[in-house]
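What follows is each chain in one-letter form.
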Amino acid sequence: MSLRDREAAVRRILEDGPVRVPSDLCAAAVRRGGRMLRRRTAARRLMWLVLTAAVVAFVVWALTARPWVEPPSTTTPPMTGW
């Protein structure tokens with residue numbers, strides 16, 4: 001599309017006047033926005049719940065398994081010097 005064609009298209013759109021907007025457009029946008037906000041809030045709460053559960057599970061595992069403690073030796077040292 002050339003510059004002249006684009007200019008002609010814009011002039012035609014501007015000369016036609018304002019476009020009719022549906023009367024319920026604002027109400028539909030408010031409903032959709034509210035729905036999106038509720039979904040986003042629910043997703044955020046679910047994320048925090050999963051994160052909290054993961055932290056609690058990790059803490060319980062760490063307290064029971066105690067991975068920072070050296071495991072006991074499975075072999076006995078040699079008995080010399082009797």
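This structure is a prediction, so every number in the text was calculated from the model and none was measured. (Residues numbered from 1 in each chain as written. Predicted model: local features only at pLDDT ≥ 70, side-chain atom pairs only at ≥ 80, totals over all residues. Heavy atoms only, no water.)

(A) Spotlight on the overall build of the chain. Within the chain, the regular secondary structure consists of two helices and zero strands. On C-alpha atoms alone, the chain measures out to a radius of gyration of 35 Å, which is more than a quarter above the 12 Å that the 2.2 N^0.38 rule sets for 82 residues. When the backbone C-alpha atoms are referred to their principal axes, the chain occupies close to 110 × 40 × 10 Å. Here the chain holds 82 residues, and the buried ones make up 2% of them. Of the accessible surface of the chain, which amounts to about 8500 Å², a share of 65% is contributed by carbon and sulfur atoms. (Helix = DSSP H or I, 4+ residues; strand = E, 2+ residues; numbered from the N terminus. Rg over C-alpha atoms; globule rule 2.2 N^0.38 Å. Buried < 20%, exposed > 50% of the residue type's maximum accessible area, 1.4 Å probe, protein only. Areas by Shrake-Rupley, 256 points an atom, 1.4 Å probe, with all protein chains shown as cover.)

(B) Region of interest: the packing of aromatic side chains. Counted by the stated rule, this structure contains one aromatic pair. Ring geometry for Phe58 against Trp61: centres 5.8 Å apart, planes inclined by 35°, an arrangement best described as tilted. On the criterion of helical spacing, the pair formed by Phe58 and Trp61 is a turn pair, its members being three residues apart in helix H2 (residues 25-65). A relative accessible area of 46% means that Trp61 is categorised as partly exposed. (Phe/Tyr/Trp six-rings, centres within 6.5 Å; stacked < 30°, edge-to-face > 60°.)

(C) Here's a closer look at a positive patch on the surface. Taken together, Arg31, Arg32, Arg35, Arg38 and Arg39 make up a surface patch of like positive charges. With respect to the secondary-structure elements, Arg38 resides in helix H2. (Patch = residues over 30% accessible without salt bridge, like charges linked within 9 Å, V, L, I, M, F, W, Y side chains within 5 Å. Salt bridge = Lys/Arg side-chain N within 4 Å of Asp/Glu carboxyl O. Lys, Arg positive; Asp, Glu negative; His and termini not counted. Charge placed at Lys NZ, Arg CZ, Asp CG, Glu CD.)

(D) Representation of the environment of Ala43 within the structure. One can find Ala43 in helix H2. Given the relative accessible area of 46%, Ala43 is considered partly exposed. When the C-alpha positions of Ala43 and Ala8 are compared, they lie 48 Å apart, and in sequence the two are 35 residues distant.

Function cannot be read off these values alone, since they describe shape.
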